[in-house]
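# Understanding the architecture of this molecule
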Amino acid sequence: MNTKVVRSKTATKQPKINVITLGCSKNIYDSEVLMGQLRGNNLNVTHESDKMGKDDIVVINTCGFIDNAKQESIDTILQFSELKEAGKIGKVVVTGCLSERYKPELESEITNVDAFFGTNDLQNILHELGANYKHELIGERLLTTPSHFAYFKIAEGCNRPCSFCAIPLMRGKHMSKPMEELVNEAKILAKNGTKELILIAQDLTYYGLDLYGVRKLDELMRRLSDVPGIEWIRLQYAYPSGFPMEILDVMNERDNICKYLDMPLQHITDNMLKSMRRGTTKQKTIDLVNQIRDKVPNIAMRTTLICGYPGETTRDFEEMKEWVAETKFDRLGCFTYSHEEKTHAHTLVDDVPEEVKQQRVDDIMEIQQGISFDINQEKVGKTFKVLVDKKEGDFFVGRTEFDSPEVDNEVLIDAVTGYAANGSFVNVKIDRAEDFDLYGTIV
């Protein structure tokens, strides 16, 4: 008579699926979609939990972009495959860019991983984990970021021929997501408390060309801007060649579109840009930056640069240094060149020594530190709208519309004299400024 009750008491606990995310915001997005589907299948899913049982399954979403990222991904796979070997976890499943690019090599080298999947294998991963792909869950995600902001991927892959980049090898050709699908996803996020959408893709500015025959980023921005509850929309990863100037009109006419643009320019000398196959020149790049600043006078521009690309001479580097000092980007990141097999640049000789590459990065970042300090000093005494991300010690930590999470400046608000809830907007008067941080009080 009591069989059912007895069974439920002795039933084995459902194994937990622990998703580990490495790499960029596009991987974060992919992990969130995977976890949304798993949760929709009533499976027990967590993100980067440090508590695991012997039957639990670990899914590692890898990065394969440059050497350091590849090494971190391999180390993580080995770490969890050793835990499996020791009987401390049940299964290890690997997905993402590294396994898209090196699946045969990984399968032969790390034999106790249960399955390797690529970047477009969502349905197969779900099947491996005992779940079915649910079409009705499109737009549903399990956010790993604080709920008030979300990375918002509008396209997959890339059609650009940049010589140094392995992304097309791992992510394929550019594929825009249909606008209706994106608007629906934004509505779901807004309903769940998301206030800031950070638009990401390998190349935002190409959006719509494959689906609609014309670039439609400006229309998408307007449609997303109309979604109730979305207070900030931020653009990351715009490409300089063929830049659609009409998106700046939308930025000017809509209050909830941040005056912020992330445009990785990579280099400035004509011979480097040509070898990198960037489809632009030094003068065109300078003109474009000036046009953007003329059209949106208070815009914050972020860029990234590569040091030590094959054939980069001292003269090339000095020219880039001068340009960085003159242009005064609000935000700037710099990376050493990584010689990636199967890319066009791999046919060139990787002739700049590693220590020279690193010294050049340090030199650029030292210039940028001074620029950032000067720009921040100009903000002292002014009041900004700030989105509060978290509380750390005696400070609430937030950002202005000119700052993206993880990579840009932060505003530290005195938590002793004022209070701000996570995810709330507050007006903050800046009292003092350092190289990369602003300090202020709520007004």
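All of these numbers come straight from a predicted model, not from anything done at the bench.

## Focus on the sheet that holds strand β17 (residues 425–433)
The strand order β14-β15-β16-β18-β17 describes a closed barrel built from five strands, whose pairing is mixed. Averaged over neighbouring strand pairs, the angle between their axes works out to 55° when direction is ignored. Two strands pair when backbone bridges link them, and β17 and strand β18 (residues 437–442) are joined in this way by five bridges, in the antiparallel orientation. When the sheet's bridge partners are listed, Lys429 is paired in β18 with Thr441.

## Remarks on the packing of aromatic side chains
Counted according to the given criterion, the structure contains seven aromatic pairs. Relative to Phe329, the ring of Trp323 has its centre 5.4 Å away and its plane inclined at 70°; by these criteria the two rings are edge-to-face. Judged by relative accessible area, Trp323 falls into the buried class, the value being 4%. A relative accessible area of 1% places Phe329 in the buried class. Seen in terms of ring centroids, Phe396 and Tyr419 are 5.6 Å apart; in terms of plane orientation they differ by 90°. Their pairing is edge-to-face. Here Tyr419 lies in the loop between β16 (410–414) and β17 and Phe396 lies in strand β15 (residues 395–399), a separation of 23 residues in the sequence. Exposure remark for Phe396: the relative accessible area of 4% places this residue in the buried category. Relative accessible area serves as the criterion here: at 65%, Tyr419 is assigned to the exposed category. Positioned over the ring face of Tyr439 is Arg432, at 3.8 Å from the centre of the ring.

## What to know about the UniProt feature "binding site: [4Fe-4S] cluster 2" (unreviewed entry) in the chain
As recorded in UniProt, the sites labelled "binding site: [4Fe-4S] cluster 2" (unreviewed entry) are Cys158, Cys162 and Cys165. Tracing the backbone through its elements, the reader meets Cys162 in the loop between β7 (155–156) and α6 (167–171). Since its relative accessible area comes to 12%, Cys162 is described here as buried. Topologically, Cys165 is positioned in the loop between β7 and α6. Excluding residues that lie within four positions of it along the chain, Cys165 makes contacts with Phe65 and Thr343.

## As for the UniProt feature "domain: MTTase N-terminal" (unreviewed entry) in the chain
According to UniProt, the positions carrying the feature "domain: MTTase N-terminal" (unreviewed entry) are residues 15–135. Helix makes up 45% of residues 15–135 and strand 20%, and the two end C-alpha atoms of the span are 24 Å apart.

## Re the pattern of salt bridges
Per the counting criterion, the structure on display carries 35 salt bridges. The residue Arg331 makes a salt bridge to Asp403 at a minimum N-O spacing of 2.7 Å. A residue pair is termed long-range when its members are at least 10 positions apart, and Arg331 in strand β13 (residues 331–336) and Asp403 in the loop between β15 and β16 qualify at 72 residues. Note that Lys390 and Glu392 form a salt bridge whose closest N and O atoms lie 3.3 Å from each other. Residue class for Lys390 comes out partly exposed when judged on its relative accessible area of 31%. Shared partners join several salt bridges into a network, and the residues in it are Asp218, Arg222, Asp226, Glu253 and Arg254.

## What about the nonpolar core?
Counting 53 residues, the largest nonpolar core has Ile154 and Leu199 as its most contacted members. Ranked by residues supplied to this core, first place goes to helix α7 (residues 179–191) with six residues. Dropping the residues within four chain positions of it, Ile154 is found in contact with Ser176, Lys177, Leu182, Leu199, Ile200, Ala201, Leu204, Tyr207, Leu217 and Leu220. With 19 residues, the next largest nonpolar core counts Trp232, Ala420, Phe425 and Ala433 among its residues.

Quick notes on the rules
Residues numbered from 1 in each chain as written. Predicted model: local features only at pLDDT ≥ 70, side-chain atom pairs only at ≥ 80, totals over all residues. Heavy atoms only, no water. Pairing = 2+ DSSP bridges. Helix = DSSP H or I, 4+ residues; strand = E, 2+ residues; numbered from the N terminus. Axes fitted to C-alpha atoms, helices over the stretch in contact; angles between N-to-C directions. Phe/Tyr/Trp six-rings, centres within 6.5 Å; stacked < 30°, edge-to-face > 60°. Buried < 20%, exposed > 50% of the residue type's maximum accessible area, 1.4 Å probe, protein only. Lys NZ or Arg CZ within 6 Å of the ring centre and 35° of its normal. UniProt positions renumbered as here; feature names shortened; annotations may be inferred. Contact = heavy atoms within 4.5 Å. Salt bridge = Lys/Arg side-chain N within 4 Å of Asp/Glu carboxyl O. Core = buried A, V, L, I, M, F, W, Y, C linked by side-chain atoms within 4.5 Å.

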